[in-house]
Amino acid sequence: MKNHRSEFEKVVYDGKFRLLISKEQIEERIRQLGKQISDDYRDKNPIMIGVLNGGFIFMADLIRHIEIDLEIDFIKISSYGDATVSSGKVQMLKDINADVKGRHLLVVEDIVDTGLSIQYLEKKFMELNPASLKFVSLLLKKDNAKVDYHIHYVGFEIPNEFVVGYGLDHKQILRNLPAIYVMD
Ligand code: IMP
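None of the values given here were measured: they were computed from a predicted structure. (Residues numbered from 1 in each chain as written. Predicted model: local features only at pLDDT ≥ 70, side-chain atom pairs only at ≥ 80, totals over all residues. Heavy atoms only, no water.)

### A word on the overall build of the protein
Rules: Put simply, DSSP H or I for four residues or longer makes a helix, DSSP E for two residues or longer makes a strand, and each gets a number counted from the N terminus. With a 1.4 Å probe rolled over the protein chains alone, any residue whose accessible area is under 20% of its type maximum counts as buried; one over 50% counts as exposed, and the rest are partly exposed. Whether two residues are in contact is decided by their heavy atoms: any pair within 4.5 Å suffices. The Shrake-Rupley method, run with a 1.4 Å probe, gives the accessible areas here. Residue values count only the displayed protein chains as cover. The charge count includes Lys and Arg as positive and Asp and Glu as negative, but it does not include His or the ends of the chains. By convention, the charge on Lys lies at NZ, on Arg at CZ, on Asp at CG and on Glu at CD.
The helix and strand tally for the protein stands at 4 helices and 9 strands. Going residue by residue from the N terminus, the α and β elements of the protein occur as α-β-α-β-α-β-β-β-α-β-β-β-β. Taking the principal axes of the C-alpha coordinates as reference, the protein spans close to 60 × 35 × 30 Å. Relative to its 184 residues, the protein shows a buried fraction of 46%. Within the protein, counting contacts between residues at least 6 apart in sequence, those at least 24 apart form 65% of the total. As displayed, the protein offers around 9800 Å² of accessible surface, 49% of which is attributable to carbon and sulfur atoms. Of the side chains in the protein, 25 bear a positive and 28 a negative charge, and the two mean positions are spaced by 3 Å.

### As for unusual backbone geometry
Among all residues except glycine, the phi angle is most often negative; among peptide bonds, the trans geometry is most common. A cis amide bond links L52 with the next residue in sequence, N53, at an omega value of 0 degrees. For N53, the location among the structural elements is in the loop between β2 (47-52) and α3 (56-63). Although it is not a glycine, N45 adopts a positive phi angle of roughly 40 degrees. Its place among the elements puts N45 in the loop between α2 (23-40) and β2. The phi torsion at K171 lies on the positive side, around 50 degrees, for a residue other than glycine. Within the element layout of this structure, K171 appears in the loop between β8 (163-164) and β9 (180-182).

### As for the environment of G88
Tracing the backbone through its elements, the reader meets G88 in the loop between β3 (71-78) and β4 (91-94). Once the C-alpha coordinates of G88 and K146 are considered, the two residues, 58 residues apart in sequence, prove to be 9.6 Å apart. Apart from residues no more than four positions distant in its own chain, G88 is found in contact with S79 and L116.

### Considerations on the site of the ligand
Inclusion rule: Proximity criterion: a residue is near a molecule or strand once any of its heavy atoms comes within 4 Å of it. Here a polar contact is recorded for every N or O atom pair within 3.5 Å, except that within protein the pair must consist of a potential hydrogen donor and a potential acceptor, and residues adjacent in sequence are included only if both atoms are side-chain atoms. Residue classes follow a fixed rule: Ala, Val, Leu, Ile, Met, Phe, Trp, Tyr, Cys and Pro count as nonpolar, while Asp, Glu, Lys and Arg count as charged, and any other residue, Gly among them, counts as polar.
Neighbouring the ligand are 17 residues, the closest being D110, D113, T114, S117 and V163. The separation between an oxygen atom of the ligand and a polar main-chain atom of D113 is 2.8 Å. For the ligand, the accessible surface in isolation is 490 Å², of which the surrounding protein chains cover 91%. Contributions of two or more residues to the shell around the ligand are made by β5 (104-112) and α4 (116-126). For the shell around the ligand, the element with the highest residue contribution is β5, accounting for 4 residues. Split into classes, the residues belonging to the shell around the ligand amount to 7 nonpolar, 4 polar and 6 charged.

### Points about the pairing of strand β6 (residues 132-140)
Just so we agree on the cut-off: The pairing criterion is simple: DSSP has to find at least two bridges between the two strands.
Among the 9 residues that make up β6, 7 are buried, leaving the element largely enclosed by the rest of the structure. Relative to β6, β5 runs parallel, the two being bridged by 8 bridges. Its bridge partner lying in β6, V107 is registered against F135.

### Some details on the sheet that holds β8
Sheet architecture is open: 3 strands sit in the order β1-β9-β8, paired in antiparallel fashion. Each having just a single partner strand, β1 (18-21) and β8 make up the two edges of the open sheet. Bridge analysis of β8 against β9 gives 2 bridges, and the strand direction is antiparallel. Each bridged residue has a counterpart across the sheet, and for V163 the counterpart in β9 is V182.

By themselves, these are just geometric observations and shouldn't be taken as functional.
The structure is reproduced here in structure tokens:
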């Protein structure tokens, strides 16, 4: 008989982590963001660039609430490794494939913490001469900003605590939790 619980089971059944944002709250907020983005990008055929790995679930849900033509691409960067604090250095692990010159770009992030990733992406994409560049993030830890950055759409502002679920990991697991939890 199985005598140990997986990390997933500990969160869901043992209440090890504190629920911060429920599945229903996420769904409702994404519906609002989708409406706003549809209004703002009408006739612009934007390219939405998902930031891997964390942003994949938010991206998938968000685009299904956007009611205009759009294209997608993905970029993969890393700043945390397996730690719960940022390493302070951003590394690109996979670049985009789309030709973005003269196009409207909307970058989709899971969470903005120190702001280093967004700052890195802003510089990288501006060099490619897009028609416009904006960022949307599901979560924002406003009080932990270490650098200047611009963010245009935010799902939820959260306190400076480490969170998991809905795409966000701890040591690569717990991304499949349907809601967002604080890891104490
Ligand atoms: P930043 O560069 O410090 O703004 O961090 C952005 C990236 O760090 C995010 O895209 C996440 O991958 C990761 N990250 C930041 N805070 C958390 C957290 O609380 N849980 C899980 N990953 C996080």
